[in-house]
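Architecture at a glance
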Amino acid sequence: MSTPAPSLPGGTWPLGDLTVTRFGYGAMQLAGPWVMGPPTDREGAVAVLRTAVDLGITHIDTSEAYGPRITNELIHEALHPYPESLHIATKVGATRDEQGGWPVARRPEDLRRQVEDNLKSLRLDALDLVNLRLGNAEGPQPGSLASAFETLAELQQKGLIRHLGVSNATAEQVTEAQSIAPIVCVQNMYNLAHRQDDRLIDHLATTGVAYVPFFPLGGFTPLQSAALSAVAARLEATPMSVALAWLLRRSPNILLIAGTSSTAHLRENIAGAGVSLSAEDLTELNEISR
Ligand SMILES: NC(=O)c1ccc[n+]([C@@H]2O[C@H](COP(=O)([O-])OP(=O)(O)OC[C@H]3O[C@@H](n4cnc5c(N)ncnc54)[C@H](OP(=O)(O)O)[C@@H]3O)[C@@H](O)[C@H]2O)c1
């Protein structure tokens, strides 16, 4: 008899026909500094991925651009053959240059190659979820995504991709993508201190589309706030886990892909994200972005 997966804060969410835990894991931080090269502690990185799955996480976010190829290789090394319940989301639309930059690569031939590369490094016949990464390091930029998204929709038709999403996208680009093919998620930057997508999140919630915030803990500049620390101290939790609890509470369609290279932080984040926030806690936390 198989052991049931431990339940995680937030429960589950349907990404199309795939069920994932709302508490997922973002693998970007497993590569070397500034997401270039291998990790200094490869065994530690493999241990984080195995711990994530052992703790019941069924949604891992990655990209062939992380390392490049490093996080996909780590995921393969740590978890292949993948449990049936595990769903790996990846993204295409940018590559890496020698300086660690993220040059845009959204021509049809670039996207086809990136999908092939992800399939190869993850050793999969089809990718569960592919996000088209738009915009640039400054954030979402206006402009049509039609040619790029049509290419991904063709690859989906061919059976190489199960579900599509967009990342770093404007609300207009979300609508344009949906006019080409169904999307199951939008992955944009959002956290307690950066709430530019509040309206988009609420709109997506009404249509059953997931919103997956990247940099949920502030990314390369982790969240620091006296109000967050005060609420965390009152709840006897860590500030990072309270930031995650707030996201889970913010909207039912929010899925977490917080990153960490530490199994201790992963356990701490899971334990604390289940904390229950009172009306007073929420008022104080909602003040942070004002
Ligand atoms: N679509 C896009 O364009 C895009 C862009 C960026 C990221 N992403 C995705 O989003 C995921 C999440 O973003 P992210 O990992 O960059 O940022 P993040 O989740 O906001 O923050 C990760 C940072 O928080 C630290 N941290 C985590 N738990 C902690 C704890 N309990 N105590 C103290 N520090 C803690 C980590 O350090 P430790 O390693 O020391 O724990 C790491 O430095 C990525 O993994 C990636 O999959 C997507």
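Sequence order sets the numbering: in each chain, residues are counted from 1 along the sequence as written. Totals for whole chains, interfaces and linings use every residue, but because this is a predicted model, local features are given only for residues with pLDDT of at least 70 and side-chain atom pairs only at 80 or more, for both listing and counting.

**Description of the overall build of the protein**
Helix numbering and strand numbering both begin at the N terminus, where a helix is a DSSP run of H or I of at least 4 residues and a strand a DSSP run of E of at least 2. Of the regular secondary structure elements, the protein holds 10 helices and nine strands. Reported as C-alpha extents along the three principal axes, the dimensions of the protein are approximately 55 × 45 × 40 Å. Once C-beta atoms have been placed from the backbone, residue pairs whose C-beta atoms lie within 7 Å are recorded as contacts. Pairs at least 24 residues apart make up 74% of the contacts formed inside the protein by residues separated by at least 6 positions.

**Digging into the nonpolar core**
Within soluble globular proteins, side chains that are nonpolar generally end up buried alongside one another. By our criterion, buried Ala, Val, Leu, Ile, Met, Phe, Trp, Tyr and Cys residues that link up through C-beta atoms within 7 Å make up a nonpolar core. Buried, partly exposed and exposed are defined by the number of other C-beta atoms within 10 Å of a residue's own C-beta, namely 20 or more, between the two limits, and 12 or fewer respectively, with C-beta atoms placed from the backbone. Counting residues in each nonpolar core, the largest one holds 83 residues, and the members touching the most others are Leu152, Cys185, Ala210, Val242, Ala243 and Leu244. If one sorts the elements of this core by residue count, helix α8 (residues 239-250) sits on top with eight residues. Apart from residues lying up to four places away in sequence, Leu244 is in contact with Pro216, Leu256, Ala258, Asn269 and Ala273.

**As for the sheet that holds strand β3 (residues 25-26)**
We treat two strands as partners when DSSP finds at least two bridges between them. Overall, parallel pairing links the seven strands, which are arranged β3-β4-β5-β6-β7-β8-β9 in an open sheet. The open sheet has two edge strands with one neighbour each: β3 and β9 (210-211). As defined by bridge partners, strand β5 (residues 87-92) adjoins strand β6 (residues 127-133) across four bridges and the pair is classed as parallel. The partner of Val92 across the bridge, within β6, is Leu132. Where helix α3 (residues 108-122) meets the sheet, it contacts β5, β6 and β7 (161-167), and its direction lies at approximately 150 degrees from that of β5. Axis definition: a line fit to C-alpha positions, over the contact stretch in the case of helices; interaxial angles, taken between N-to-C directions, run 0 to 180 degrees.

**Some details on the site of the ligand**
Taken together, 28 residues lie around the ligand, and Gly26, Met28, Leu217, Gly259 and Thr260 are the ones closest in. By residue number, the principal contributor to the shell around the ligand is helix α9 (residues 263-273), which donates three residues. Class assignment for the residues of the shell around the ligand results in 10 nonpolar, 14 polar and four charged. For each residue, a C-beta position is placed from the backbone atoms; the residue is near a molecule or strand when that point lies within 6 Å of it. Polar here means any residue other than Ala, Val, Leu, Ile, Met, Phe, Trp, Tyr, Cys and Pro, which are nonpolar, and Asp, Glu, Lys and Arg, which are charged; Gly is therefore polar.

**Here's the deal with the packing of helix α7 (residues 226-235) against α8**
With their axes 9 Å apart at the nearest point, α7 and α8 run at an angle of 95 degrees to one another. One way to sum up the angle between α7 and α8 is to call them roughly perpendicular. For the pair α7 and α8, the contacting residues are Leu228, Ser229, Val231, Ala232 and Leu235 in the first and Pro239, Val242 and Ala243 in the second. Roughly parallel covers angles under 35 degrees, roughly antiparallel covers those over 145, roughly perpendicular covers 65 to 115, and oblique covers all other angles.

**Points about unusual backbone geometry**
Cis geometry marks the peptide bond from Gly67 to Pro68; its omega dihedral reads -15 degrees. Inspection of the secondary structure assignment puts Pro68 in the loop between β4 (59-61) and α2 (70-79). Across the junction of His80 and Pro81, the peptide omega takes the value 0 degrees, indicating a cis bond. Note that Pro81 resides in the loop between α2 and β5. One non-glycine residue, Arg123, lies in positive phi territory at about 55 degrees.

**Here's the deal with the environment of Ser229**
Mapped onto the elements of the fold, Ser229 is located in helix α7. Residues Ser229 and Met240, 11 residues apart in the sequence, show an inter-C-alpha distance of 9.0 Å.

**Some words on the packing of α2 against α3**
With their axes 8 Å apart at the nearest point, α2 and α3 run at an angle of 35 degrees to one another. Of α3, the residues touching α2 (which contributes Asn72, Glu73, Ile75 and His76) are Asn118, Ser121 and Leu122. Here the contact of α2 with α3 is composed, by residue class, of two nonpolar, four polar and one charged.

**A short note on the UniProt feature "domain: NADP-dependent oxidoreductase" (unreviewed entry) in the protein**
UniProt positions are given in the numbering used here, feature names are shortened, and annotations may be inferred rather than shown by experiment. This chain's UniProt record puts "domain: NADP-dependent oxidoreductase" (unreviewed entry) on residues 24-289. Secondary structure content for residues 24-289 is 41% helix and 11% strand, while the C-alpha to C-alpha distance between its ends is 24 Å.

**So, the pairing of β7**
Counting buried positions over the seven residues of β7 gives six, a clear majority of the element. Two elements, β6 and β7, share six bridges in a ladder whose sense is parallel. What sits directly across from Asn131, in β7, is Gly165. Handedness of the crossover is the feature at issue here: the chain leaves β6, passes through helix α4 (residues 146-157), returns alongside β7, and the resulting connection is right-handed. Bridge count for β7 against strand β8 (residues 185-187) is three bridges, and the pairing is parallel. Looking at β8, one finds that Gly165 is bridged to Cys185. By convention a crossover is right-handed if, when the strands point away from the viewer, the path from the first strand over the helix to the second runs clockwise.

**Considerations on α9**
Where α9 is concerned, the buried positions are Leu266, Asn269, Ile270, Gly272 and Ala273. Looking at the buried residues of α9, the elements they touch are α1 (42-54) and α8.

**Observations concerning the pairing of strand β1 (residues 12-15)**
Only one face of β1 is buried: it carries Trp13 and Leu15, and the other face, with Thr12 and Pro14, is open. Bridge count between β1 and strand β2 (residues 18-21): four bridges; the pairing is antiparallel. If you follow Leu15 over to β2, its bridge partner there is Leu18. What sits between the antiparallel neighbours β1 and β2 is a turn of two residues, in which Gly16 has the positive phi angle 60 degrees.

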